Amino acid sequence: MALIDGVMPNSLKGREPLVQNTLGHLACLMLGTIVVALLVRTEMALGWDFVASAVVSLSIIFGFVVYLLPKYPHRRFGYANIVTAFRASLVSLTGATVLCFESLHTADTVLWILVGVVVFALSLDGIDGYLARRYRQESELGARFDMEVDAFLILILSVAAAMLDKAGAWVLLIGLMRYLFVAAGWAAPFLNGDLPPSLRRKFVCVLQVSTLCLILVPAVTVSVSAYLAAAALAMLVMSFAIDIFYLLRRWMAV
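Scoring rules and cut-offs
- Residues numbered from 1 in each chain as written.
- Predicted model: local features only at pLDDT ≥ 70, side-chain atom pairs only at ≥ 80, totals over all residues.
- Heavy atoms only, no water.
- Core = buried A, V, L, I, M, F, W, Y, C linked by side-chain atoms within 4.5 Å.
- Buried < 20%, exposed > 50% of the residue type's maximum accessible area, 1.4 Å probe, protein only.
- Helix = DSSP H or I, 4+ residues; strand = E, 2+ residues; numbered from the N terminus.
- Contact = heavy atoms within 4.5 Å.
- Axes fitted to C-alpha atoms, helices over the stretch in contact; angles between N-to-C directions.
- Parallel < 35°, antiparallel > 145°, perpendicular 65-115°, else oblique.
- Left-handed = near helix turned anticlockwise from the far one by under 90°.
- Nonpolar A, V, L, I, M, F, W, Y, C, P; charged D, E, K, R; others polar.

**Q** Could you give an account of the nonpolar core, naming the residues involved and the relevant values?
**A** Core analysis: the biggest nonpolar cluster contains 64 residues, and F50, F62, F145, I174 and L212 have the highest contact counts within it. The set of elements that each furnish at least two residues to this core consists of α1 (16–44), α2 (48–68), α3 (79–100), α4 (108–124), α6 (140–163), α7 (172–187), α8 (199–216) and α9 (222–253). What F50 contacts, discounting residues up to four positions off in sequence, is A37, V40, R41, L93, A96, T97 and C100. Counting seven residues, the second-largest nonpolar core is a separate cluster that includes V83, L90, L124 and L131.

**Q** Requested: an account of the packing of α7 against α9, with residues and values cited.
**A** Running from amino to carboxyl end, α7 crosses α9 at an angle of 15°, the nearest separation of the two axes being 10 Å. Judged by the angle between their axes, α7 and α9 are roughly parallel. Handedness of the crossing formed by α7 with α9: right-handed. Taken together, the residues of α9 that come into contact with α7 (itself represented by L173, I174, M177, R178 and F181) are A229, A232, L233, L236, V237, F240, I244 and L247. Residue composition of the contact of α7 with α9, grouped by class: twelve nonpolar, no polar and one charged.

**Q** Requested: an account of the packing of α1 against α2, with residues and values cited.
**A** Between α1 and α2, the shortest axis-to-axis distance is 9 Å and the interhelical angle comes to 165°. Regarding the angle of α1 to α2, the classification is roughly antiparallel. The crossing of α1 and α2 is right-handed. The residues of α2 that touch α1, namely those facing L23, L26, L29, M30, T33, I34, A37, L38, V40 and R41, are W48, F50, V51, V55, L58, S59, F62 and V66. Taken together, the residues of the contact of α1 with α2 sort by class into 15 nonpolar, two polar and one charged.

So, in structure tokens, the structure goes:
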């Protein structure tokens, strides 16, 4: 991890500029999310649960960022993390729509809008990594932040696929896989080991989002969407199996 004035960062003491910069950006994005949620609620005649869902989910994500902030090695929140935080805002609004729009399965226009938002959020994925490298602001916080936003988006899309009956309830395994892996680490500590960077892992993540997004397209029938979901799930299981085998082999070698 990078040094700050020759000291490893492990607290926020004496780092008020970083805290103010981070909270300022997160507060602006939260305010923007609330405004958009209120506008969407008015236009689509949704309940206050829509606004509450978007705000609560984004608050949890931003709270996680603040929790990791003491170990953040840079002096400013950074462009990369701002992009990821903006993606988190889009994901929270998407999740609130999926959970609170009761007639989602009959509203093709809303589905197309959701697909468009997800595609836009997906297009931003990768830009944050480029910005982190470009401005030398790579960090464990940034990588974890990006990963958790991706995982949350996949969970939301898998819930949407199940709610729309585009596949059986088993499609939820796509969204739950990451969280089941983390939970398994409580019983099998070797799963908590560090994994090396992997293009395969990133590719599978993008594949999950792309496939689930395609499944939501109204024109895609159940007969097609079920096969697409099954193929995506198979790829995800294989990717996790590779990582588990790597962690198990390294643990046994110690």
